[in-house]
Amino acid sequence: MEILVAGGAGYIGSHTVAELLEMGHKVITFDSLQKGHKEAVLGGEFIEGNLLNQEDIEKVFKKNTIDAVIHFAADSLVGESMEKPDKYFRNNDIGGMNLLSAMIKYNTKKIIFSSTAATYGEPEKVPIEENNATIPTNPYGESKLIFEKILKWHDTAYGIKYASLRYFNAAGAHKSGKIGEDHNPESHLIPIVLQSALGKRDCVSIFGDDYPTEDGTCVRDYIHVTDLAMAHILALKKLESNGESAIYNLGNGKGFSVKQIIDVARKVTGKDIKTKIVGRRAGDPAVLIASSDKIKKQLNWNPQYADIAKIIESAWVWHKNHPDGYKKRPTQNYA
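Residues numbered from 1 in each chain as written. Predicted model: local features only at pLDDT ≥ 70, side-chain atom pairs only at ≥ 80, totals over all residues. Heavy atoms only, no water.

A. Representation of the environment of Pro323. Secondary-structure assignment places Pro323 in the segment after α10 (308-321). Owing to a relative accessible area of 10%, Pro323 belongs among the buried residues under this scheme. Considering only alpha carbons, one finds Pro323 and Thr116, 207 residues apart in sequence, at a separation of 28 Å. (Helix = DSSP H or I, 4+ residues; strand = E, 2+ residues; numbered from the N terminus. Buried < 20%, exposed > 50% of the residue type's maximum accessible area, 1.4 Å probe, protein only.)

Right, here's the structure in full:
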């Protein structure tokens, strides 16, 4: 298949590109490089462009025969979305609609959408199932939910079939050690904790310790980035076989608090990781844990990296060898 991966130079996108290439697919990566890294794309064709520019994306479709799209391109910082909602609706929804317009014009009928657990907001029950109420508590989650609804109506009107994958906290790094997590600014807990272990940060800020959880800190469901990548590919295979649109949760089904993640990271790295308690972040739900029963039953998906220590170990390998991300590669490992 000839597959377009929008946002394929980003963290999850680049791992998905790596898996697609290993399977022998023709892959075209489209990325603005505002947040992604060209070095993270391990092969295939790379095209720099922005989904907000309709001409950029139409050039890709005009030049190639795209069989399917996997769509990762989005802004994804919850805190920033509370401060700049216009940016999130513009980039995540208008950019996505530009992509769909090109798909309509060039008759591409399949899309896998990288959605989020933030579509649920404060969950009515845990673990979260796909039929739970969707009441986002931040513009990031709202923008993703809006695009899911856009996909639904594009299926009805144009026959564009989709799979929307709502997942939780991506973590870890590729088994090769060649690609991993590098955001600027970094907002994800595990890389922040590991940066602290490397001495790149003085301490880790814990945003609130008064949540209704066992230790007062937020609880999240962490899933290895390669498991996420494989879920996108399995969802695409499902569309190829029966063409039915669907929404799936992705997670390990077990939650870990911020303090628990830090404790595991201390054991994995052997480093003293200092912390400080600061105020809550706006829009942060207390607990997000997924029920992945649906995707396991329908797509035969099962996480291969379910152990949180193993997930953090794979991330630790990446961060030790890339302490400054993709910008610099040291000649030797850190101890």
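B. Inspection of the environment of Ile206 at higher detail. Considering the arrangement of structural elements, one finds Ile206 in strand β8 (residues 204-207). The sequence separation of Ile206 and Thr275 amounts to 69 residues, and the corresponding C-alpha distance is 6.9 Å. Those residues in contact with Ile206 that sit more than four places away from it in its chain are Thr217, Val258, Lys259, Ile262, Thr275, Lys276, Ile277 and Val278. (Contact = heavy atoms within 4.5 Å.)

C. Expanded view of helix α7 (residues 225-242). Taking 1.5 Å of rise per residue, 18 residues should cover 26 Å, and α7 covers 26 Å from first to last C-alpha, within 8% of that figure. For α7, the set of buried residues is Val225, Thr226, Asp227, Leu228, Ala229, Ala231, His232, Ile233, Ala235, Leu236 and Leu239. Once α7 finishes, Gly243 follows within two positions and takes phi at roughly 70°, a positive value. (Expected span 1.5 Å × (residues − 1).)

D. Structural view of the environment of Ile233. In this structure, Ile233 sits in helix α7. For the pair Ile233 and Ala6, spaced 227 residues apart in the sequence, the C-alpha separation amounts to 14 Å. Setting aside residues no more than four positions away along its own chain, Ile233 makes contact with Thr16, Glu19, Leu20 and Met23.

E. Representation of the pairing of strand β5 (residues 110-114) in the model. Buried residues dominate β5, accounting for five of its five residues. What you see with β5 is no split at all: Lys110, Ile112 and Ser114 on one side and Ile111 and Phe113 on the other are buried throughout. Pairing geometry for strand β4 (residues 68-71) and β5, over three bridges, is parallel. Within the sheet, the bridge partner assigned to His71 lies in β5 and is Phe113. Across five bridges, β5 lies against strand β6 (residues 161-167) in parallel orientation. For Lys110, the partnering residue across the bridge sits in β6 and is Lys161. (Pairing = 2+ DSSP bridges.)

F. Just the state of the cysteines, in detail. Per the counting criterion, the structure on display carries zero disulfides. Among the cysteines around Cys203, which has no disulfide bond, Cys218 carries the closest sulfur, lying 17 Å off. The exposure class of Cys203 is partly exposed, given its relative accessible area of 23%. Note on Cys218: relative accessible area 8%, which makes it buried. (Disulfide = S-S within 2.5 Å.)

G. The arrangement of unusual backbone geometry in detail. Geometrically, the link from Val126 to Pro127 is a cis peptide bond, its omega value of 0° lying close to zero. Across the junction of Asn184 and Pro185, the peptide omega takes the value 5°, indicating a cis bond. Relative to the elements of secondary structure, Pro185 occurs in the loop between β7 (169-171) and α6 (189-197). Of note, Asn107 is a non-glycine position whose phi angle comes to about 60°, a positive value. Its place among the elements puts Asn107 in the loop between α4 (85-105) and β5. Phi is positive for Asn300, which is not a glycine, with a value near 60°. Relative to the helices and strands, Asn300 resides in the loop between α9 (293-299) and α10.

H. Structural detail: the nonpolar core. With 31 residues, the main nonpolar core has Ile12, Ile112, Leu165 and Leu250 as its most contacted residues. Contributing elements (two or more residues each) for this core: β1 (2-6), α1 (11-22), β4, β6, α7, β10 (246-250) and α9. For this core, the leading source of residues is α7, giving seven residues. When residues no more than four places from it in sequence are discounted, the contact partners of Leu165 are Ile112, Phe113, Ser114, Ser115, Thr116, Ala231, His232, Ala235, Tyr248 and Leu250. By size, the runner-up hydrophobic cluster in this structure holds 29 residues, among which are Val219, Phe256, Ala286 and Ile308. (Core = buried A, V, L, I, M, F, W, Y, C linked by side-chain atoms within 4.5 Å.)

I. Seen up close, α1. Given a rise of 1.5 Å per residue, 12 residues ought to cover 16 Å, and the 17 Å separating the end C-alpha atoms of α1 matches this to within 8%. Buried within α1 are the following residues: Tyr11, Ile12, Gly13, Ser14, His15, Thr16, Val17, Ala18, Glu19 and Leu20. The secondary structure elements touched by the buried residues of α1 are β1, β2 (26-31), β4, β6, β7 and α7. Just beyond α1, the residue with positive phi is Gly24, at close to 95°.

J. Seen up close, the pattern of salt bridges. Applying the stated rule across the entire model yields 17 salt bridges. The partner of Arg281 in a salt bridge is Asp284, with the nearest N and O atoms 2.9 Å apart. Residue Arg281 is classed as partly exposed on the basis of its relative accessible area of 38%. Asp284 gets classed as buried once you look at its relative accessible area, which sits at 13%. By sharing partners, the salt bridges in this structure join Arg220, Arg281 and Asp284 into a single network. (Salt bridge = Lys/Arg side-chain N within 4 Å of Asp/Glu carboxyl O.)

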